[in-house]
Structures are given as C-alpha cells and as structure tokens.
Amino acid sequence: LDTAGAFSRPHFRLMAAPRKKMLFSRLFMGPRYGPNEDLVSQTSRDDSDTVDLEQQEWERAEAARVIRQKMEFESLIQNIMSTPDPQHVPSIMTKHLELLLNIRGYEGSKLIESILQEAESQGQEYVNKVIDAIEFILSFAEVFVNNASTLDDYNKRLLGKIIKTMSKAATSARDREELLDKLMDSEKENFTPGFLRHVEGECARIAAASSMTPESARLLEILRIIQARVLEELGKDMGEEAQVLGQLLGYDNTKERLAVLDAGLTVRGIDFAKNMVQLTEEALDGFTRVTGGADPGLVQRVSEIDARLRNFIQKQTAI
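Calculation rules
Residues numbered from 1 in each chain as written. Predicted model: local features only at pLDDT ≥ 70, side-chain atom pairs only at ≥ 80, totals over all residues. Heavy atoms only, no water. Helix = DSSP H or I, 4+ residues; strand = E, 2+ residues; numbered from the N terminus. Contact = heavy atoms within 4.5 Å. Areas by Shrake-Rupley, 256 points an atom, 1.4 Å probe, with all protein chains shown as cover. Phe/Tyr/Trp six-rings, centres within 6.5 Å; stacked < 30°, edge-to-face > 60°. Lys NZ or Arg CZ within 6 Å of the ring centre and 35° of its normal. pLDDT = per-residue confidence, 0-100. Core = buried A, V, L, I, M, F, W, Y, C linked by side-chain atoms within 4.5 Å. Buried < 20%, exposed > 50% of the residue type's maximum accessible area, 1.4 Å probe, protein only. Salt bridge = Lys/Arg side-chain N within 4 Å of Asp/Glu carboxyl O.

Asker: Describe the overall build of the chain, naming the residues involved and giving the relevant values.
Answerer: A count of helical and extended segments in the chain gives 13 helices and zero strands. Walking the chain from its N terminus toward its C terminus, one meets helices and strands in the order α-α-α-α-α-α-α-α-α-α-α-α-α. The contacts in the chain between residues at least 6 apart in sequence include a share of 74% that link residues at least 24 apart. Accessible surface for the chain amounts to roughly 19600 Å². Of this, 54% is attributable to carbon and sulfur atoms.

Given below as structure tokens:
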C-alpha cells in the first residue's frame, strides 16, 4: 500500500506515523469475502461485444459503489465530530463496520486523501478535527479486528473442549454425559452469541462440503447436539417466551421466521402470545432509546414478530 499520496502534506504527518501506516494497511488490505470482482469474467466468451458491454456495466457499478462509500465514510466522520458525548461514538462505529472492512486498500488511500483535501477549504482547525475522527475510526477498527481474532481463537478452543469431552472413548456414555453437564455449567458464561455463530458457521461449512464422509457427518451431528445443549443451558435462566423470541430472531428468512412463530402460537395459545408481546413491546421501546439508532434489521424483525403476535391475539380474542 502506497500511502505517500494520502499523507504527503505537512499537516498530515500525524496520520503518517508508522503505527498509522500499519493500521491503515490492516484495515484496508485485509482479506475480502465474496466473489472475485474481475473486470471481465474468467469464463470464455466468443462474443466480444458482450464482453465490452459487461465491462462497461461493471465500471459504472464500481464507480457508483466508490461514490457511495465516500458518502457513507464522510457521513460517519460527521457523526463522530458532532457527537457531544464520546461514550456514544463506539455505538456509531458498530453500525459502519461493514463499510470499513469492505473498502479496498487503494480505495482507502484515495478516499482519505480526497476527504482531507476537501477539508482544507474550511481551515486548519477543521482539518485537525477530521484527522482526529479518521484516527479514531482506524483505531477502533484495529481494536475490533484484534478482539474478533481473539474471540474466534477462544471460540475454537471452547468448541474443541466440548467435542473432546463428548468423544472420550475411555469413558462410558453415562460418564461422558455427566462430564458434559459439568462442562456446560462451568462454561455457561462463555456461551455468547458469537460462540453460537461460530458453531453455526462450522455446521454450515461441513454441510456445504462437496462430499460428506462418515467422519464429517458424525462431526456435524455432534455440532448440532452442542448447539441444542448450549441453547438449553442458556434457557435455564430465561423464560420460555424469551427463548422462543431469541430463536425466532435467528431466522434470516422472514417467511420461515413467521411460519415457525405461527406454528408455536397454535400449540401454546393466547397466554403465551400475550407474554411474548410484552417482550417485543419492551424491545421496541428500548430500541428508540439507543443512541444513534438501533440496528434497522433487528428492529424490522422484532416489529414483524410483534405485529404477528398482536394479530394472533386479536383473532383469538374475537372468537
């Protein structure tokens, strides 16, 4: 990454410090996920006109994406600069992590250079504020990446510990069950949403393999059992309605989520629905008090569940 262009001016020297260069590289040159975006698909084509047309469309889409990224990055800087309470800044940052992690290296350099050049027209004091905001953004991203890496390693070790306990060949099935019960109880505080996502990710990875061996099938079965046991352990301290709500929010597909809810309400009845609607009402009320706004996707999911519950209660009351 060539950062010379972005940090060549005297008042950008703070940004050009070695630590910042390393931070910049880690943030904007990290591994990317998703399909490889080549100018032209690697698939052979006989029609050169089609290739030219697709390249033009790709270039237009890329130009629009870069413009959108700059607008979002500038908006993030303005939000940070205008926030009166610094304690609220991390909450703002968490809503823009995807933006930061998706900016490519050369784009990041050009983006910061462009923003700083535009800031010059408003005076040195304003430029310094922009630099402070950018430094905070990069520092926050570094901490996030480091913590995420640490948590991922910890989740791997925890999952391995559980699998090892479940797979001890020298003990009887009953002894293994007792050992697992003790382990689940002692590690309960470490059963975070991140750990559950890690387990689900491992399940998805194995299930998506081109071929399934007996060993991988057995491992997938063990992972599913672990998922169920973790949820069961967490549910001991929660009401049944809270457990159900948490499980519903885990469905990405709206139709599936509401179908599962409808099936549960048919079995549990109106009292269960009334208890659940209290939870959704409290959650929606809490979202309104989140500084910078709650995650729109989460708000939408809870709102859909809340509306479905109220519709069920209304129909049952009318009977």
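Don't stop here, the text continues.
Asker: Which residues make up the packing of aromatic side chains, and what are the values?
Answerer: Scanning the model with the defined rule gives two aromatic pairs in all. Lying over the aromatic face of Phe 272, Arg 268 brings its terminal NZ or CZ to 5.1 Å of the ring centre.

Asker: Can you lay out the environment of Ile 222 for me, pointing to particular residues and giving the numbers?
Answerer: If you trace the backbone, Ile 222 turns up in helix H9 (residues 214-235). In the structure, Ile 222 is positioned 60 residues away from Ile 162 in sequence and 9.6 Å away in space, judged by C-alpha atoms. Setting aside residues up to four positions removed in sequence, Ile 222 forms contacts with Ile 163, Met 166 and Ser 167.

Asker: Pulling in residues and values, what's your account of the confidence of the model for the chain?
Answerer: Per-residue confidence for the chain averages 77 on the pLDDT scale, and 80% of its residues sit at or above 70. Of all secondary-structure elements in the chain, the lowest mean pLDDT belongs to helix H1 (residues 18-28), at 44, while helix H13 (residues 296-318) reaches the highest, 91. Counting contacts from residues 1-46, a segment whose pLDDT is below 50, to residues more than four positions away or on other chains yields 85 contacts.

Asker: I'd love a proper account of the nonpolar core, names of residues and values included.
Answerer: Core analysis: the largest hydrophobic core is formed by 25 residues, its most contacted members being Phe 73, Ile 77, Met 93, Val 130, Ile 134 and Ile 137. If you tally residues by element for this core, the top one is helix H6 (residues 124-166), at nine residues. Excluding residues that lie within four positions of it along the chain, Val 130 makes contacts with Ile 77, Met 81, Ile 115, Leu 116 and Ala 119. Formed by 18 residues, the second largest nonpolar core is a distinct cluster that contains Leu 158, Phe 191, Ile 222 and Ile 226.

Asker: Go over the environment of Ile 115, please, and point to the residues and values.
Answerer: As for its placement among the helices and strands, Ile 115 is situated in helix H5 (residues 105-119). C-alpha of Ile 115 to C-alpha of Val 130: the two residues are 15 residues apart in sequence and 8.5 Å apart in space. Those residues in contact with Ile 115 that sit more than four places away from it in its chain are Lys 70, Phe 73, Glu 74, Ile 77 and Val 130.

Asker: Give a description of the pattern of salt bridges that names residues and reports values.
Answerer: A side chain of one charge can pair with a side chain of the opposite charge when the charged atoms of the two come close. Inspection of the entire model under this criterion finds 15 salt bridges. A salt bridge links Lys 70 to Glu 118, with the nearest nitrogen and oxygen atoms 2.5 Å apart. Here Lys 70 is found in helix H2 (residues 48-82), whereas its partner Glu 118 is found in helix H5, with 48 residues between them in sequence. One salt bridge in this structure joins Arg 224 and Glu 200, with 3.1 Å as the shortest N-O distance. Taken together, the residues Arg 224 in helix H9 and Glu 200 in helix H8 (residues 193-207) connect sequence positions 24 residues apart. What makes Arg 224 partly exposed here is its relative accessible area of 39%. A residue is classified by how much of its surface remains accessible, and Glu 200, at 35% relative accessible area, is partly exposed.

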